[in-house]
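Coordinate inspection notes
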Amino acid sequence: MPATLSFPLKQARRLALAAQGFHGRQPPAVKAMHLNRLIERLGLLQIDSVNAVVRSHYLPLFSRLGSYSSDLLDQAAWSSGRRRSLFEYWGHEASLLPLSMYPLMGWRMQRARRGEDIYQQLARFGREQQDTIRRVLASVEEQGALGAGSLSTRQEKPGPWWDWSAEKYALEWLFAAGEVTVAGRRGFERLYDLPERVIPASVLHQPLLDEAEAQRVLLLHAAQALGVGTEKDLRDYFRLNPSDARPRLAELVEDGQLLTCEVAGWRQIAYCLPEPKVPRKVEASALLSPFDSLIWERSRTERLFDFRYRLEIYTPQDKRVYGYYVLPFLHNERIAARVDLRAERAAGRLAVHAVHEEETGLDEAGMLALALNLRGMADWLGLARVQLNCQRESAGRLRMALARFGGD
């Protein structure tokens, strides 16, 4: 497949950063319209339960918009009425997506009903436990929004979080199949209800796109959100199968809705939207969630930023290289450092357990930018102090930079 455009790596990086919402000024006061506009651009926010700093779906908005009220996201995701603009479903893992994308997920829900494209244990439960599924669905119909805990009939002591009851399996199967959706959350527990009681009728009753058309639209969303990406990059954004994505990409290229291109240093052909606009420079500085859509495809992160990143939460402590919950630090088109952070809420402080500069390091302006981001994050989280627990040379430089903003 001949490529029609060619990008130096720096241009590809700028195109990606701009597409991800890092090119532009942060609003002085973040409102619901800013949040909704950004999520429409990104297409989704990945949800994760780890709360070492703050739950992951809140961080990408802070990274791009600056300080904002988390109530804005809670209202968009889980309120009733007109303020609700998002829904939960399997986008890129468990995700919050704009309501406008609900019709694009119908084919995935239909596959789940057939036991396809869901993990094997849940598919088996769907085949073998339809009586339980019908009983749980009837409970939701009669009682309204319910969590799995309120339905469980299991008598034995619950095991770890992955040790689900039959009712939890039934709810997850119904959720994947689109028979229930998430009405809200109690803590981090999902509360499930019927879609017609959660999703606006104007969205719920839109005609569903067939599989091929929905997949084409999702790939175009991915191309818009990534700026430029390989076939793997684009399909991974919404977790499409290679057997689905490859023919859809060929159709989009043939139709002129996507262009093939080359990126210097990339082995694979890439794709972008027609008439890409590459910024002359991107000056954003931001701490990134480990589940930020800019970096969640790790091989792409290495190709774009020469930055190898692995989350070490599940790595034994003595084998960790960088720390438990490490946030990459984006600065002036590079991922220039990584910071092991913890929000110690009871003590009112943002604890910096480790600071690791990348090989090219941070100059004085870069270290000041990191200090400003840490101070801004602490303020956003309602934490009075930034405390440095790291003894590395980088931490010494960071301590001096933090002193410019009131100390650590």
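Residues numbered from 1 in each chain as written. Predicted model: local features only at pLDDT ≥ 70, side-chain atom pairs only at ≥ 80, totals over all residues. Heavy atoms only, no water.

Under the annotation held in an unreviewed UniProt entry, the protein chain carries the name Winged helix-turn-helix domain-containing protein and is attributed to Pseudomonas glycinae.

**A few points about the pattern of salt bridges**
Which entries qualify depends on this criterion: When a carboxyl oxygen of Asp or Glu is within 4 Å of a side-chain nitrogen of Lys or Arg, the pair counts as a salt bridge. Helix and strand definitions follow DSSP, with helices as H or I runs of at least four residues and strands as E runs of at least two, each counted in order from the N terminus. Accessibility here uses a 1.4 Å probe with only protein chains present; expressed as a share of the type maximum, an area under 20% marks a residue as buried, one over 50% as exposed, and anything in between as partly exposed.
Here the structure, examined in full by the defined rule, presents 35 salt bridges. One salt bridge in this structure joins Asp233 and Arg300, with 3.3 Å as the shortest N-O distance. With Asp233 in helix H11 (residues 231-237) and Arg300 in helix H13 (residues 298-305), this residue pair connects regions lying 67 residues apart in the sequence. Taking relative accessible area as the criterion, Asp233 reaches 2% and is therefore assigned buried. Relative accessible area serves as the criterion here: at 3%, Arg300 is assigned to the buried category.

**Notes on the packing of helix H1 (residues 9-19) against helix H10 (residues 211-226)**
Going by this rule: Axis lines are fitted to C-alpha atoms, over the contacting stretch for helices. Their N-to-C directions set the angle, which ranges from 0 to 180 degrees. Comment on the angle field: the value is read as roughly parallel under 35 degrees, roughly antiparallel over 145, roughly perpendicular from 65 to 115, and oblique elsewhere. Whether two residues are in contact is decided by their heavy atoms, any of which lying within 4.5 Å being enough. Under the grouping applied here, Gly and all other residues not named as nonpolar or charged are polar, the nonpolar ones being Ala, Val, Leu, Ile, Met, Phe, Trp, Tyr, Cys and Pro and the charged ones Asp, Glu, Lys and Arg.
Running from N to C, H1 and H10 cross one another at 110 degrees; their axes reach a closest spacing of 6 Å. Regarding the angle of H1 to H10, the classification is roughly perpendicular. Every residue of H10 that contacts H1 at Leu15, Ala16 and Ala19 is listed here: Gln224, Ala225 and Leu226. For the contact of H1 with H10, the residue count by class is five nonpolar, one polar and no charged.

**Overview of helix H12 (residues 242-254)**
Cut-off, in case you're wondering: In this scheme, a helix's expected span is set at 1.5 Å multiplied by one less than its residue total. The arc refers to the directions leading from the helix axis to the C-beta atoms.
In a regular helix each residue adds 1.5 Å, so 13 residues correspond to 18 Å; H12 covers 18 Å between its end C-alpha atoms and thus fits that length. Of all the positions in H12, only Asp244, Ala245, Arg248, Leu249 and Leu252 are classed as buried. Buried positions in H12, seen along its axis, are confined to an arc of 115 degrees and lie on one side of it. Exposed residues on H12 whose side chains face more than 90 degrees from its buried face are Ser243 and Glu254. Two residues or fewer after H12 comes Gly256, characterised by a positive phi angle close to 80 degrees.

**Focus: the nonpolar core**
Worth spelling out the cut-off: For this analysis, a nonpolar core means a set of buried residues of the types Ala, Val, Leu, Ile, Met, Phe, Trp, Tyr and Cys, connected via side-chain atoms within 4.5 Å.
Residues Leu73, Leu341, Leu370 and Met377 are the most contacted members of the largest nonpolar core, which totals 111 residues. Setting aside residues up to four positions removed in sequence, Leu73 forms contacts with Leu35, Ile39, Leu45, His57, Tyr58, Leu61, Tyr68, Leu86 and Leu96. Counting 25 residues, the second largest nonpolar core, distinct from the first, contains Ala16, Leu17, Cys261 and Leu304.

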